[in-house]
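Spelled out from the first residue to the last, the chains are:
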2 protein chains.
Amino acid sequence: MRYESLTKEELQDALAAEKKRYNAFLKEKLSLDMSRGKPAAAQLDLGAPLLSALNKDMSFPKGTDYRNYGLLDGIPEMKKLFADLFDIPEEYVFVGGNSSLNLMYDMISDAMLTGVLGSTPWVRLPQKVKFICPVPGYDRHFNICEKLGIEMISVPMNEDGPDMDIVESLVATDPYIKGIWCVPRFSNPGGIVYSEEVVRRLATMKVAAPDFRIYYDNSYFVHAITEDAPELANIFRIAKEYDTEDRIYMFFSTSKITFAGSGVSMIAASPKNLLSIKEKMGWKTIGFNKVWQYAHYLYLQSADHVLAIMREQAKLIRPKFEIVLDAFNEAFGDSDTVTWNTPKGGYFICLKCMRGTAKAIWNMCKKAGLTITSAGASHPLHFDDSDSYLRIAPTYPSVEDLKKATEVLVTVVKIVTMETLIAK
Amino acid sequence: MRYESLTKEELQDALAAEKKRYNAFLKEKLSLDMSRGKPAAAQLDLGAPLLSALNKDMSFPKGTDYRNYGLLDGIPEMKKLFADLFDIPEEYVFVGGNSSLNLMYDMISDAMLTGVLGSTPWVRLPQKVKFICPVPGYDRHFNICEKLGIEMISVPMNEDGPDMDIVESLVATDPYIKGIWCVPRFSNPGGIVYSEEVVRRLATMKVAAPDFRIYYDNSYFVHAITEDAPELANIFRIAKEYDTEDRIYMFFSTSKITFAGSGVSMIAASPKNLLSIKEKMGWKTIGFNKVWQYAHYLYLQSADHVLAIMREQAKLIRPKFEIVLDAFNEAFGDSDTVTWNTPKGGYFICLKCMRGTAKAIWNMCKKAGLTITSAGASHPLHFDDSDSYLRIAPTYPSVEDLKKATEVLVTVVKIVTMETLIAK
C-alpha cells in the first residue's frame, strides 16, 4: 500500500486494523529473535562430519605433529585451501584461531601500540586517528573504533560499494585517516557487492598515510544465496599491478561455513605485512589450534568442496530470505517510504523505514516479544541521524518462527509509518 | 669432580679428555633439541581420546547449542572443571581459546590502551609503566613487556619464590609499577614452588598503584612429576580475607595436559575484574571455540580426572628429568661452580654455570648440533649479567636423544668451565 498517498481518514482506518493485529500478537506472549546473524541448527547440522573428522587412531601428515607447538601461521593444508578460495598466493595467508574479528582487533590494537611496518604507534600521534566507516555497516567494526578511541567518518554506501568520490577525497589529503572498514561481498547489513570499479579505486586510490590499511572483512565471500550473485573482483591482483598490496588486510573465517564461533579464521596480506603480522602474533601466542585447523581441512577438503557446502547452506537460507522479502513486497512493494535491499548473499536484509521511525519500530517489536538489532547499530556510535535503518537477520529462527516474526515486524512498521504520516 | 680445586696441570689433562669426546660428537653430525618446553609424542598420545571425543551424532547439553555463537566466557562444564581444579568459585573463571599467553598479552595490551577498572590507560601516563620480573623467568613474559615498552625491574628468585622484601619495598612506593610476573608452581625455568608465606605476602602487600596486578601464570599447577611435590597455597582464598582479590589475574591452559597449542585456556579473576574482562573480550570476539571446549570437557571429565592424566604424564616425564639430573650429579655433584635445581614438577631444569660461561656453552652446544634455549633468555632483554643461567628442557627428545644431548651438554659445560678456570 502506498501509505504516503492515503488520506488521513484512510490512514486512521488502516491503522485501527493493524493495531488490532498488533494487540493480538501481544496476547501471544511471543519470544522471537531476528537480531544476530546466527546460522540455524539445520545449517550447523551440515557440519556434522567435522565433529568426526578426527579420531584417536589418526596420524598427522608426515614431518609435523599438529598436536605440538609450532607453525604460528597455521597448517599448510588450510593455507592452501584459503589461498585457492581467494585466488591468492599461499604465502599471503595466515591461518588463525576461531575468530576473524579478533584478527581485525589485533591488527588495530597492534597499530595503536606499535605502529604499522615501522610507522609511529597511533597512540603516540598528536591527533586521534580516523577510520572511514561506510554506512550502514557492521556494529562490531564500529565498536572496535569507538572503544579504542578512533574517530569514525561516515561515508554513504551506494549500490556498488562505498561512495568512492568521497572516500578518495578524504584519504588523499588526511594522513590521520588510517583505515576503512569494508565488507566487500554481501555487506553487513546492506548485502551490497562491491563493483569491480569500486575494488579498483580502493586498490589504486592515492592515500596520504603510508600506514593506511583497508580492513577488508570478507566474511561472506562464499555466502551467495542465489545463482546470479555477482562475483567480487580480486583486490590483491589489482593491487599487485599498482604495487599497493601493502594496504590490504583481508579477513575471513569459516564461522558460517562450519560452526559459528568454532571455525577457523584467516588474515591475508602482502609478504611484507605478513612478516610483521607473524612477528607480532609471536608476542601474543605460540600458535593457534592446529588440531582444529586440521579437522577443518579433513572436512572442507578443498576450495571447491567449500563452495559445494555453501550451495547446501544456500538451500537452507534462501527460503528464509524469501519469507521476509515476500512479506515486505506484499506490504510495502509500492511504497516509497519503506524500502529494502534484495540481497543475493550474506546474512542480512537492510530495511530502510520512514525517517524518524526506526527506534519506535524497534521498541514496539520488543514489546511484542520480537528482538531485532537495535536501531542505530549499523551506524558509528549507534547514531543513525535519519533514524531509519533496521537490520533484519532471517537465518536463525525456524521457518515457522520467522513467518510469525515477519508478520509482527510488518505490522509494526505499518503502524509506526501510519502514525507518523497522520501526525505530519 | 671439583674442578675448582684441581691444579692447572690436572685441568689441562681433564680438558684434553673432554675435548676428545667433544670432537667425537662433532663427527656424529647430531641434531638434538632441548630448547623449548614441548611435550614428547608419547605424552601427546595420552590425549588420543580427545580426538574422538566428538562425533557426528552427538548432541550438546540441553539449552545451548555449542556449535553456535554465544557464551563469551566459555561453556559451564569447563568453568566448573577449572574452578574445581583451583578451588575457586565458578564465577571467577573465563574460559578462552587455545593460548593462555594470548590472555596475558590481552590483559596487558588492554591495560595499555584502556586502563584497568577505570584507571588511566598506561599509554597516557607521563612515564613508562614497570613490571617486576623475578629472574630467572620466562622469556615470553619478558618479551611482552619489551615489545610493549614496559620497563622491567629484575628481582631475584629465592628457593621459595621472588625475594618478597624487595618486591614489597618496590610496589609499596612506586605507582608506575603495574605488575609482577609470577609462575607460582614449578616456575619457568627454576622449578620453584612459591611458599605459603610468599603467596600470602603477594596477596597482602601494600601496593601504590590501584591498577597493579599479579600476572599469575599458573601453567604448571598440575604438572608435578614427583609424589612429594609441594602444594601451592590458594592465593584467591588469602586475598579474599584481605579484600585484595582484584589484584590477581590467574592464567592456565591445558596445553601440556592435552595438546600443546591446541588446548583450552583460562583466566581467573575476581567478579569485578571478570566483568571488565568480559566487556573487553566482547570488543575482540563473539566468543571462543566452544566445540573444542566441549571436546575437552568430554575427555577431561573432572578435576580429579585431570590429576589422574597428569600422573600418567609424570610417568613419562620423570625418567627424562632423571637422565639429566643423574648426569649432572655425576659430573658436577661436588662442584660449587656448576649448580642446578632438582624440580618436582614443570618442564625445566635451570642450570647455573660458572659466571661468564653460559653464552660460550650455548655456542659450543650449537656447533655440536645441540640446541638449548639461548643464554640470557631467562632474563629481561636477554641480559643475564652473570652470563650463567641456562634453561634445559628435557621432555621433548626421545630417551635415546636425551641421553646423547645430555652427554654433549655435560661435556661442553666441563670444557668451558675448565677453560675458564685455566684462564684465571
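Rules and cut-offs
Residues numbered from 1 in each chain as written. Chains lettered and ligands numbered in written order. Predicted model: local features only at pLDDT ≥ 70, side-chain atom pairs only at ≥ 80, totals over all residues. Heavy atoms only, no water. Axes fitted to C-alpha atoms, helices over the stretch in contact; angles between N-to-C directions. Helix = DSSP H or I, 4+ residues; strand = E, 2+ residues; numbered from the N terminus. Parallel < 35°, antiparallel > 145°, perpendicular 65-115°, else oblique. Left-handed = near helix turned anticlockwise from the far one by under 90°. Contact = heavy atoms within 4.5 Å. Pairing = 2+ DSSP bridges. Least-squares fit on C-alpha atoms with pLDDT ≥ 70 in both. Buried < 20%, exposed > 50% of the residue type's maximum accessible area, 1.4 Å probe, protein only. Domains from an automatic or database assignment. Buried area = accessible area lost by both parts, 1.4 Å probe. Salt bridge = Lys/Arg side-chain N within 4 Å of Asp/Glu carboxyl O. Polar contact = N/O pair within 3.5 Å; in protein donor to acceptor, adjacent residues only side chain to side chain. Phe/Tyr/Trp six-rings, centres within 6.5 Å; stacked < 30°, edge-to-face > 60°. Lys NZ or Arg CZ within 6 Å of the ring centre and 35° of its normal. Core = buried A, V, L, I, M, F, W, Y, C linked by side-chain atoms within 4.5 Å. 1 Å grid on protein atoms, 1.4 Å probe; cavity = no way out; pocket = protein on both sides within 12 Å on 5 of 7 lines; lining within 4 Å. Points joined across faces, edges and corners; volume = space filled by probe spheres on them. Nonpolar A, V, L, I, M, F, W, Y, C, P; charged D, E, K, R; others polar.

Visitor: What am I meant to see in the packing of helix 12 (residues 303–332) of chain B against helix 14 (residues 399–423) of chain B here?
Guide: For any two helices packed against each other, one specifies the inter-axial angle together with the distance between the axes. All names here are of chain B. As a packed pair, helix 12 and helix 14 sit with axes 10 Å apart at the nearest point and diverge in direction by 25°. One finds that helix 12 runs roughly parallel with respect to helix 14. Pair helix 12 / helix 14 crosses with right-handed handedness. Residue-level contacts link Lys320, Ile323, Val324, Ala327, Phe328, Ala331 and Phe332 of helix 12 to Val399, Leu402, Lys403, Thr406, Leu409, Val410, Val413 and Lys414 of helix 14.

Visitor: What is the right way to read the sheet that holds strand 13 (residues 389–392) of chain A from this model?
Guide: Strand pairing in a sheet relies on backbone hydrogen bonds. The paired strands run either parallel or antiparallel. All names here are of chain A. In spatial order, the strands read 10-11-13; together these three strands make up an open sheet with antiparallel pairing. Each having just a single partner strand, strand 10 (339–340) and strand 13 make up the two edges of the open sheet. Two elements, strand 11 (residues 349–352) and strand 13, share four bridges in a ladder whose sense is antiparallel. The residue bridging Lys352 from the neighbouring strand is Tyr389, located in strand 13.

Visitor: Can you help me understand the relation of the copies chain B and chain A in this one?
Guide: Each of the two chain copies can be brought onto the other by rotation about an axis and movement along it. Note on the copies: chain B fits chain A at an RMSD of 0.0 Å, the axial shift is 0.0 Å, and the rotation between them is 180°. What the rotation and shift describe, once combined, is the action of a two-fold rotation axis. Here 100% of the contact residues of chain B are again contact residues in chain A; the copies associate through an equivalent surface.

Visitor: Can you help me understand the side chain of Thr411(A) in this one?
Guide: Relative to the elements of secondary structure, Thr411(A) occurs in helix 14 (residues 399–423). If we skip the residues at most four places from it in the chain, Thr411(A) touches Glu18(A), Arg21(A), Tyr22(A) and Phe25(A).

Visitor: How should the pairing of strand 9 (residues 265–269) of chain B be read in this particular structure?
Guide: Looking along a regular strand, one sees side chains alternate from face to face of the sheet. Residues and elements named next belong to chain B. The element strand 9 is extensively covered by neighbouring structure, given that five of its five residues are classed as buried. Alignment of strand 2 (residues 93–95) against strand 9, held across three bridges, turns out to be antiparallel. Within strand 9, the residue paired with Val93 across the bridge is Ala268. Where strand 8 (residues 248–253) lies against strand 9, five bridges are found, and the strand directions are antiparallel. Bridge pairing in strand 9 places Met250 opposite Ala268.

Visitor: Could you clarify how one ought to interpret the domain arrangement of chain A in this entry?
Guide: Where interface size is quoted, it is often the accessible area lost as the parts come together. Residue and element names in this part refer to chain A. Assigned domains within chain A: domain 1 (3–43 + 316–423) and domain 2 (56–306). Just the C-alpha atoms count here: the centres of domain 1 and domain 2 sit 32 Å apart. Of the residues lining the interface, 22 residues belong to domain 1; the matching set on domain 2 comes to 26 residues. Overall, the association of domain 1 and domain 2 removes approximately 2,100 Å² of surface from exposure, summing both partners, and the carbon and sulfur fraction of that is 63%. The interface formed by domain 1 and domain 2 includes two salt bridges. Note that Asp139 is salt-bridged to Arg36, the shortest N-O span being 3.0 Å. At the junction of domain 1 and domain 2, the tally comes to 10 residue pairs in polar contact (both at pLDDT 80 or more). At the level of secondary structure, the elements contributing two or more residues to the side of domain 1 that touches domain 2 comprise helix 12 (303–332), strand 11 and strand 13. It is helix 12 that provides the largest number of residues to the side of domain 1 that touches domain 2, a total of three residues.

Visitor: Please explain the packing of aromatic side chains as it appears in this structure.
Guide: Describing an aromatic ring pair means giving the distance of the ring centres and the angle of the ring planes. Taken as a whole, this structure holds 43 aromatic pairs over all chains when the rule is applied. Relative to Phe252(A), the ring of Phe86(A) lies with its centre 4.9 Å away and its plane at 80°, an arrangement referred to as edge-to-face. Separated by 166 residues along the polypeptide, Phe86(A) in helix 4 (residues 76–86) and Phe252(A) in strand 8 (residues 248–253) bring together distant segments of the chain. Residue class for Phe252(A) comes out buried when judged on its relative accessible area of 0%. Each ring, one from Phe131(B) and one from Tyr215(B), has its centre 5.0 Å from the other, and the planes form 35°; the classification is tilted. Of this pair, Phe131(B) sits in strand 3 (residues 130–135) while Tyr215(B) sits in strand 7 (residues 213–217), and the two are 84 residues apart along the sequence. Residue class for Phe131(B) comes out buried when judged on its relative accessible area of 0%. The class of Tyr215(B) is buried, set by a relative accessible area of 0%. Clustering of aromatic rings is evident, with ring pairs tying together Trp122(A), Phe131(A), Trp181(A), Tyr215(A), Tyr249(A) and Phe251(A). Lying over the aromatic face of Tyr396(A), Lys38(A) brings its terminal NZ or CZ to 4.5 Å of the ring centre.

Visitor: I tried to follow the nonpolar core on my own but got confused; where do I start?
Guide: Most often, soluble globular proteins have nonpolar side chains that are buried together. Formed by 132 residues in total, the largest nonpolar core has its most connected members in Leu202(A), Tyr216(A), Leu202(B) and Tyr216(B). Setting aside chain neighbours within four positions, we find Leu202(A) in contact with Met164(A), Ile180(A), Cys182(A), Tyr194(A), Ile214(A), Tyr216(A), Ile235(A) and Arg247(A).

Visitor: How should the layout of surface pockets be read in this particular structure?
Guide: Using a probe with the size of a water molecule, rolled over the atoms, empty space left in the structure can be pinpointed. All names here are of chain B. The volume enclosed by the largest pocket comes to roughly 740 Å³. Forming the boundary of the largest pocket are 37 residues, of which Pro136, Met157, Glu159, Ile192 and Tyr389 lie nearest the centre. Among the secondary structure elements, those contributing two or more residues to the lining of the largest pocket are strand 4 (151–158), strand 10 (339–340) and strand 11 (349–352). The greatest single-element share of the lining of the largest pocket, amounting to four residues, is contributed by strand 4. Of the residues belonging to the lining of the largest pocket, the class tally is 16 nonpolar, 13 polar and eight charged. Residue assignment places the lining of the largest pocket across two domains, with domain 1 (3–43 + 314–423) and domain 2 (63–306) each supplying three or more.

Visitor: Looking at this structure, how should I read empty space enclosed by the protein?
Guide: Summed over the entire model, instances satisfying the criterion amount to 10 cavities of 30 Å³ or more. Quantified by volume, the largest cavity comes out at close to 330 Å³. In this structure, the largest cavity is lined by 29 residues; those nearest its centre are Gly97(A), Asn98(A), Gly97(B), Asn98(B) and Phe288(B). Classifying every residue of the lining of the largest cavity gives nine nonpolar, 18 polar and two charged. By volume, the second largest cavity is sized at about 260 Å³. Along the walls of the second largest cavity sit 19 residues, with Tyr69(A), Ile286(A), Ser100(B), Ser253(B) and Ser255(B) positioned nearest its centre. Partitioned by chemical class, the residues of the lining of the second largest cavity number six nonpolar, 11 polar and two charged.

Visitor: Help me out: how do you make sense of the pattern of salt bridges in this one?
Guide: A full pass over the atoms with the stated rule returns 46 salt bridges over all chains. For Lys278(A), the salt bridge goes to Asp73(A), with nearest N and O atoms at 3.2 Å. Here the residue Lys278(A) occupies a position in helix 10 (residues 271–284), and Asp73(A) occupies one in the loop between helix 3 (48–51) and helix 4, the gap between them amounting to 205 residues. For Lys278(A), a relative accessible area of 30% translates into the label partly exposed. Judged by relative accessible area, which is 10%, Asp73(A) ranks as buried. The partner of Glu419(B) in a salt bridge is Lys19(B), and the shortest N-O contact between them spans 3.0 Å. Of this pair, Glu419(B) sits in helix 14 while Lys19(B) sits in helix 1 (residues 8–27); the two residues are 400 residues apart in sequence, bridging distant segments of the chain.

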